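Next come the chains, spelled out residue by residue.
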Amino acid sequence: METMTSKQAAEYIGVSVNTLRKYVHEEGLPVLKFPGRRKWIFRKDLIDDWIEKQSKPEIYVNNEPVKEYGKLRVLLP
């Protein structure tokens, strides 16, 4: 289990530390926080899983996500 600091995780993903913080708060990027410590610890395997989840395409019909793939959808005007 490889761990990283915020700076290392941001470099690994290819974003700034501020964007990394945004991903944690708004996009659900997993982070380990220990009581009494202000430092965040990131696990590489959890970051990889999160990136894979974020990169999967989603289909939206009429601004609602479609959860079933492969079914015929008819869009009405």
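The rules behind these values
Residues numbered from 1 in each chain as written. Predicted model: local features only at pLDDT ≥ 70, side-chain atom pairs only at ≥ 80, totals over all residues. Heavy atoms only, no water. pLDDT = per-residue confidence, 0-100. Helix = DSSP H or I, 4+ residues; strand = E, 2+ residues; numbered from the N terminus. Phe/Tyr/Trp six-rings, centres within 6.5 Å; stacked < 30°, edge-to-face > 60°. Buried < 20%, exposed > 50% of the residue type's maximum accessible area, 1.4 Å probe, protein only. Axes fitted to C-alpha atoms, helices over the stretch in contact; angles between N-to-C directions. Left-handed = near helix turned anticlockwise from the far one by under 90°. Contact = heavy atoms within 4.5 Å. Core = buried A, V, L, I, M, F, W, Y, C linked by side-chain atoms within 4.5 Å.

Here the focus is the confidence of the model for the protein chain. Interpreting fine coordinate detail is not advised for predicted regions of low pLDDT. Summary statistics for the protein chain give a mean pLDDT of 83 and a share of 82% for residues scoring 70 or more. Helix α1 (residues 6–13) holds the highest mean pLDDT among the elements of the protein chain, 95, whereas strand β5 (residues 64–66) holds the lowest, 66.

One pass over the full model with this rule turns up 2 aromatic pairs. A centroid spacing of 5.4 Å and a plane angle of 45 degrees characterise the contact between Y23 and W50, whose relative ring orientation is tilted. Of this pair, Y23 sits in helix α2 (residues 17–27) while W50 is found in helix α3 (residues 44–55), placing the two residues 27 residues apart along the sequence. Given a relative accessible area of 22%, Y23 falls into the partly exposed group. What makes W50 buried here is its relative accessible area of 10%. Judged by centre distance (6.1 Å) and plane angle (70 degrees), the ring pair of W40 and F42 falls under edge-to-face. You can call W40 buried: its relative accessible area is 12%.

Two elements in contact, α1 and α3, have axes whose closest approach is 12 Å; the angle formed by their N-to-C orientations is 35 degrees. For the element pair α1 and α3, the recorded crossing hand is right-handed. Counted together, A9, Y12 and I13 of α1 and K44, I47, D48 and I51 of α3 form the full contact between these two elements.

All right, on to the nonpolar core then. Ranked by size, the top nonpolar core spans 10 residues in total: M4, A9, A10, L20, V24, L29, W40, F42, I47 and W50. Those elements that provide at least two residues to this core are α1, α2, β3 (40–43) and α3. Once residues lying within four places of it in the same chain are set aside, the contact partners of F42 are E2, T3, M4, T5, S6, A9, L20, V24, L29, P30, V31 and I47.

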